Amino acid sequence: MCDLLNHAETLRRAAGMPHLTVTAAPHMSGAARAERSHRCSPGPTVVFGGEAVAEPPLVRLATLGHELAHHDLGHTTDPVDYWIIYLQRALGVAALIAALADAWAVLGGLATAAAMVWLATNAMYRRREVAADARALALLDRAGLPGREAMAAMHAADLVVDPWWHAAGGFVFTGHPPVYARARRLDLAR
Ligand SMILES: [Zn+2]
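This is a predicted model, so every value here is computed, not measured. (Residues numbered from 1 in each chain as written. Predicted model: local features only at pLDDT ≥ 70, side-chain atom pairs only at ≥ 80, totals over all residues.)

Digging into the UniProt feature "domain: Peptidase M48" (unreviewed entry) in the chain
What UniProt calls "domain: Peptidase M48" (unreviewed entry) maps, in this numbering, to residues 62-187. Secondary structure content for residues 62-187 is 79% helix and 0% strand, while the C-alpha to C-alpha distance between its ends is 15 Å. (UniProt positions renumbered as here; feature names shortened; annotations may be inferred. Helix = DSSP H or I, 4+ residues; strand = E, 2+ residues; numbered from the N terminus.)

So, in structure tokens, the structure goes:
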């Protein structure tokens, strides 16, 4: 854990961030997340699940770099995320009114719109993941840390647990690209 906190401080400086909190949430198991703020901290936070914090040091370093990159790229403060929530709520309310009014054609149109918003949102999140990988590599390199080795180790570890349906096309229903695609994009960017 000490090396993780030391690396967090090194990366924070490399990114020019004034503040960063790193904490653990055992219930998140193997996941890690960049949060705009946390109950432990009013500022940018990286939260590691119980299993994520116990990963090998290189995997943990890349995970830290990736989540910090989400902050550095402004993903955690992007107002688009709030507009998407408002849009989804508006579509939900409109669908309820359409159902109560027996306007089934309108309801069908609203359902189609909601599905398109969902798919487009997932595509935006997937682009963020690819961008965060590239920025993480740049930040790790800038900080003098073994970025290439760390990112390769993280992708190799993630590849093992990436479900087959996800890699086979199911990723369009999620906010994460297939791990093999993330690794390939990073290779091409080098
Ligand atoms: Zn991410």
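Next comes the rest of the account.
Things to note about the environment of R182
Checked against the element boundaries, R182 lands in helix α7 (residues 179-189). Looking at R182, the number of C-beta atoms within 10 Å reads 24, which means it is buried. Taking the C-alpha atoms as reference points, R182 and A15, separated by 167 residues in sequence, lie 22 Å from one another. Excluding its chain neighbours within four sequence positions, the residues that come into contact with R182 are E129, V130, D133, H155 and P177. (Buried ≥ 20, exposed ≤ 12 C-beta atoms within 10 Å, placed from the backbone. Contact = placed C-beta atoms within 7 Å.)

Section: the packing of helix α2 (residues 57-72) against helix α4 (residues 104-142)
Where α2 contacts α4, the two axes come as close as 7 Å, and the packing angle between them is 110°. With respect to α4, the element α2 is oriented roughly perpendicular. Like other packed secondary-structure pairs, α2 and α4 cross with a definite hand, here right-handed. Where α2 abuts α4, its residues A62, G65, H66, L68, A69, H70 and D72 lie against R128, A132, D133, R135, A136, L139 and L140. Residue composition of the contact of α2 with α4, grouped by class: seven nonpolar, three polar and four charged. (Axes fitted to C-alpha atoms, helices over the stretch in contact; angles between N-to-C directions. Parallel < 35°, antiparallel > 145°, perpendicular 65-115°, else oblique. Left-handed = near helix turned anticlockwise from the far one by under 90°. Nonpolar A, V, L, I, M, F, W, Y, C, P; charged D, E, K, R; others polar.)

A few points about the sheet that holds strand β3 (residues 45-49)
Strands sit in the order β1-β3-β2 across an open sheet of three strands; the sheet is mixed. Both outer strands of the open sheet, β1 (21-25) and β2 (32-35), are each paired with one neighbouring strand and no more. Between one strand axis and the next, the sheet turns by 25° as a mean value, whatever way the strands run. Running over the sheet, α2 touches β2 and β3 and is turned about 25° from β2. (Pairing = 2+ DSSP bridges.)

Examining the environment of P42
As for its position among the elements, P42 is in the loop between β2 and β3. It is 22 Å that separates the C-alpha atoms of P42 and C2, two residues lying 40 residues apart in sequence.

Let's talk about the packing of α2 against helix α5 (residues 147-161)
Between α2 and α5, whose axes approach to 7 Å, the crossing angle comes to 100°. When the axis of α2 is compared with that of α5, the two are roughly perpendicular. Seen from α2, the contacting residues are L58, V59, L61, A62, T63 and G65; seen from α5, they are E149, A150, M151, A153, M154 and A157.

Considerations on the nonpolar core
Within the largest apolar cluster, 27 residues are counted, with the highest numbers of intra-cluster contacts made by V46, A62, L68, A136, L139, A150 and M151. Secondary-structure elements contributing two or more residues to this core are α1 (2-15), β2, β3, α2, α4 and α5. Per element, the largest residue contribution to this core is six residues, and it comes from α2. The contact partners of L139, leaving out residues within four places of it in the chain, are L11, A14, A15, G65, L68, A69 and D72. (Core = buried A, V, L, I, M, F, W, Y, C linked by C-beta atoms within 7 Å.)

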